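Residue-level listing of the chains:
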Amino acid sequence: MRNGGHPLLLQGTGENYEKAFHALAEMPVDLDLPAPEGWLPPRYATTIRQEAEVTGPATYQKGLRRTLRLRPALAPHAPAGWNFWREDLPEELPIPAVLASVSQARRAIVLQSGSPGNALRMSEHVVCQRLGLGIDSLRVDLLSEDPPLFDQGSLPLVQALDQAGLQEDPARPLRYLAPAKPVALLHPDNGGFLLWEPPREPEDRRLFLDVSVDFPTAIGRERLRLCLHPEAFRQGAAARTNCSAREMRLAKTLGLLLPSLRNLGYTRKNILLAGKKEYANPPNPALSLPSGKSLEPVWHRTCLDLVAALSLLPPLCRPAGRLASFKAGHLLDVRFLKLLLRNGLLKELP
């Protein structure tokens, strides 16, 4: 925190928070990206101008392909927010992309509505576009719970949405949410935490992210700070999921028995494999520093994990203020946001 002191702790002790915050403060910042000069968050919601479609290899089933059909959602004919329609389940209602739809958040964020089969797995790679690109309402049609897994993170989905174009929905003003005072949630085991501070100026609706990862592998320590805006998100959207060689083997073995839990679509192109001291396959050079240090894992954590969780806030709501993530993941993200909403800690900016 800029002025010291403890935030409101949703879990954990002040002593543990001080240790975790000190560990973050000692970590050097690898990359700091401000927003373009003059850029400001919009006042009204947006959707896409025309339909788009994207196809890629299945995430959980080897050898299959999956398609997402993206459709505009303008008032008053379509509901606000992101809604996933399972065309293979014609009697099911849509799956709203909101926190109340989250059924699992350990290895991936699973959204579910109604019956257990009406679900979307690894939804974070899709729904992160909501805040990343600033698309507030969208209808997504699909034929399976299994989304595509691309060789460059979510970049093909970004390109499809960019090609569809954006249109403002003036009937739907946006609401910007932030806590009235700093609030934090500590990880129960690894010393990580999430901290959300209100804007430093009451009229500032921008969202600043300070995200760091710390792995005992080739990934090591990485830290990225940015003001979230579409250009920064487009850069980070190319970041792939990372895992260890052991996790890759489990995906190819236990995944044969439990395909709904483990990823059978992993390849050396769509996953970044981190060994103990070096990567087993080359990181994306576009996400590396001039020194050669890869920032692909922290870019993925920022744009495809944390931004995705924030995209599950209520429809037409966007976050503002300053959010720090230190050694956190899907489960802590979702718990943090649910606790904030349940306890009425997020307030609309005037």
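To be clear, the structure that these remarks concern was listed above.
Enquirer: Let's hear about the overall build of the chain: which residues, and what values?
Expert: Scanning the chain for helices and strands turns up eight helices and 22 strands. Over its C-alpha atoms the chain spans a radius of gyration of 19 Å, differing by no more than 12% from the 20 Å that the globule rule assigns to 350 residues. On the principal axes, the C-alpha backbone points of the chain span a range of 55 × 50 × 40 Å. Across the 350 residues in the chain, those meeting the buried criterion constitute 53%. If you take every contact in the chain between residues at least 6 apart in sequence, the share linking residues at least 24 apart comes to 76%. When the accessible surface of the chain is summed, it comes to about 15,800 Å², and 53% of that surface belongs to carbon and sulfur atoms. Across the chain, 43 positive and 36 negative side-chain charges occur, with their mean positions spaced 4 Å apart.

Enquirer: Which residues make up helix H1 (residues 14-26), and what values go with them?
Expert: Given 3.6 residues to a turn, an α-helix orients residues that are three or four positions apart in the same direction. Between its terminal C-alpha atoms H1 stretches 18 Å, which fits the 18 Å expected from 13 residues at 1.5 Å a residue. Among all positions in H1, only Gly 14, Tyr 17, Ala 20 and Leu 24 are buried. One face of H1 carries all of its buried residues, which in axial projection span an arc of 125 degrees. Turned more than 90 degrees away from the buried face of H1 sit Glu 15, Lys 19 and Glu 26, all of them exposed. Looking at the buried side of H1, the elements it contacts are strand E1 (8-9), strand E14 (183-186), strand E15 (193-197), strand E16 (207-214), strand E17 (221-227) and strand E21 (321-326).

Enquirer: Pulling in residues and values, what's your account of unusual backbone geometry?
Expert: A cis geometry characterises the amide bond from Ala 75 onward to Pro 76, with omega recorded as 0 degrees. Tracing the sequence through the fold places Pro 76 in the loop between strand E5 (65-71) and strand E6 (82-86). A positive phi angle, close to 45 degrees, is found at Met 122, a residue other than glycine. Residue position: Met 122 is located in the loop between strand E10 (119-120) and helix H2 (124-127). Unusually for a residue other than glycine, Lys 327 sits at a positive phi of about 55 degrees. Here Lys 327 lies in the loop between E21 and helix H8 (330-342). A relative accessible area of 23% means that Lys 327 is categorised as partly exposed.

Enquirer: Talk me through the packing of aromatic side chains; I want residue IDs and the actual numbers.
Expert: Scanning the entire structure with this criterion turns up five aromatic pairs. For the ring pair Trp 82 and Phe 84, a centre distance of 6.4 Å and an interplane angle of 55 degrees mean the geometry is tilted. The same class applies to Trp 82 as to Phe 84, namely buried. Members of the aromatic cluster, each reached through a chain of ring pairs, are Tyr 17, Phe 21, Phe 193 and Phe 326. The ring of Trp 85 carries the charged tip of Arg 139 above its face, separated from the ring centre by 4.3 Å. The ring of Phe 208 carries Arg 322 above its face, with NZ or CZ at 4.2 Å from the centroid.

Enquirer: Talk me through the pattern of salt bridges; I want residue IDs and the actual numbers.
Expert: According to the stated counting rule, one finds 20 salt bridges in the structure shown. For Arg 139, the salt bridge identified is with Asp 141, shortest N-O distance 2.8 Å. Given the relative accessible area of 28%, Arg 139 is considered partly exposed. In this structure, the salt-bridge partner of Arg 223 is Asp 210, at a minimum N-O distance of 2.7 Å.

Rules used throughout
- Per-chain numbering applies: the sequence of each chain, read as written, is numbered from 1 onward.
- Under the rules for a predicted model, residues below a pLDDT of 70 receive no local features and side-chain atom pairs below 80 are neither given nor counted, while totals for whole chains, interfaces and linings still include all residues.
- Hydrogen atoms and water are omitted, and side-chain values are computed over all heavy atoms in the structure.
- A helix here means a DSSP run of H or I that spans at least four residues, while a strand means a run of E at least two residues long, and both kinds are numbered starting from the N terminus.
- Only the C-alpha atoms count toward the radius of gyration. The rule for a globule is 2.2 Å times the residue count to the power 0.38.
- Each residue is placed in one exposure class: buried if its accessible area under a 1.4 Å probe, protein chains only, is under 20% of its type's maximum, exposed if it is over 50%, and partly exposed if it falls in between.
- Only heavy atoms matter for contacts: two residues are in contact if any of them lie within 4.5 Å across the pair.
- To measure how exposed things are, a 1.4 Å probe is used in the Shrake-Rupley method; for residues, cover is taken only from the protein chains shown.
- Residues scored as charged are limited to Lys and Arg (positive) and Asp and Glu (negative), so that His and the chain ends carry no count.
- Taken as the charge location is NZ of Lys, CZ of Arg, CG of Asp or CD of Glu.
- Every helix has an expected span of 1.5 Å times one less than the residues it contains.
- Of all possible arcs, the one meant is that of the directions from the helix axis to the C-beta atoms.
- Whether two aromatic rings pair depends on their centres lying within 6.5 Å, for rings of Phe, Tyr and Trp, where Trp uses its six-membered ring; planes under 30 degrees apart make the pair stacked, over 60 edge-to-face, and the rest tilted.
- Working rule: Lys NZ or Arg CZ, within 6 Å of ring centre, within 35 degrees of ring normal, means a charge sits over the ring.
- By definition here, a salt bridge exists when the distance from a side-chain nitrogen of Lys or Arg to a carboxyl oxygen of Asp or Glu is within 4 Å.

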